[in-house]
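Okay, here's what each chain looks like letter by letter:
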Amino acid sequence: MEKLLIFIKHRLNFLWLIIEWGNGVVFSILFKKSMEQVNQEVLSKAGDPGFTFRRLGISDSDALHALIASQDASDLQYFSPHGFDLPSIKKQFKNRSFLLMGTFDNEKLIGYFFLRFFANKRCFVGRLIDREYRGKGIGNEMNRIMYGTAWGMGFRCLSTMSKNNRAVIKAHSKNSSVVQLKELQNDYILVEFVDRENEKGV
């Protein structure tokens, strides 16, 4: 199922838009309340006092657009969860199955992370950290929030990675939660982040 959805997202955009709309409706009916409760609880336990981690709203659209636009092209080569122009970013806030979160240094948005939920109790996660703020443990806290939200809702937590993205592969080589599920086209792999403390098998 995940492999098919990935293919549709990247190759059949018109069909993907229909699936995404329908999925958003079903997800909102079945899981919106759970998502809000679990995410709020997980965010309340953010452990780094130097930064603020919170949900993003449509009023953050300009800041998110500026963050993404300021990154080098190489940093975005393997990061494409949605369009990066301002209208596309604003559109994501209307997607009921897409949870956008940010990391702030005072009032400055310096990191973006998200969960894309599906009504079959699976979700995909991703993150982007401003180059100047990498290596400060922000990614670990983002992971805790994303994984904790997914696991707390009873969702499987997935992601796709390019084998050619050395920085991401290296970063996750020390992540004890990662389990590789399958090979995908164009040197991508599908991985799952497993809750080791409450593991029931992949």
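Residues numbered from 1 in each chain as written. Predicted model: local features only at pLDDT ≥ 70, side-chain atom pairs only at ≥ 80, totals over all residues. Heavy atoms only, no water.

A word on the confidence of the model for the chain
Then comes step 1: When pLDDT is averaged along the chain, the result is 90; 92% of the residues meet or exceed 70.
Then comes step 2: Ranking the helices and strands of the chain by mean pLDDT puts helix H3 (residues 61-69) first, with 98, and helix H1 (residues 2-11) last, with 62. (pLDDT = per-residue confidence, 0-100. Helix = DSSP H or I, 4+ residues; strand = E, 2+ residues; numbered from the N terminus.)

Considering the nonpolar core
Then comes step 1: Ranked by internal contacts, the top residues of the largest apolar core, which has 31 residues, are Leu-115 and Phe-117.
Then comes step 2: In this structure, Phe-117 is in contact with Asn-23, Phe-27, Met-35, Ser-97, Leu-99, Arg-122, Cys-123, Thr-149, Met-153 and Phe-155, ignoring residues within four places of it in sequence.
Then comes step 3: Counting residues in hydrophobic clusters, the runner-up holds 15 residues, among them Leu-64, Ile-68, Phe-104 and Tyr-112. (Core = buried A, V, L, I, M, F, W, Y, C linked by side-chain atoms within 4.5 Å. Buried < 20%, exposed > 50% of the residue type's maximum accessible area, 1.4 Å probe, protein only. Contact = heavy atoms within 4.5 Å.)

Some thoughts on the side chain of Ser-97
Then comes step 1: Mapping Ser-97 onto the fold places it in the loop between helix H5 (86-92) and strand E2 (98-105).
Then comes step 2: When its relative accessible area of 1% is taken as the criterion, Ser-97 is described as buried.
Then comes step 3: Within the structure, Ser-97 has its side chain in polar contact with the side chain of Asn-23 (distance 3.2 Å).
Then comes step 4: A distance of 2.9 Å separates polar atoms of two side chains, one belonging to Ser-97 and the other to Asn-95.
Then comes step 5: Excluding its chain neighbours within four sequence positions, the residues that come into contact with Ser-97 are Asn-23, Gly-24, Phe-27, Leu-115, Arg-116 and Phe-117. (Polar contact = N/O pair within 3.5 Å; in protein donor to acceptor, adjacent residues only side chain to side chain.)

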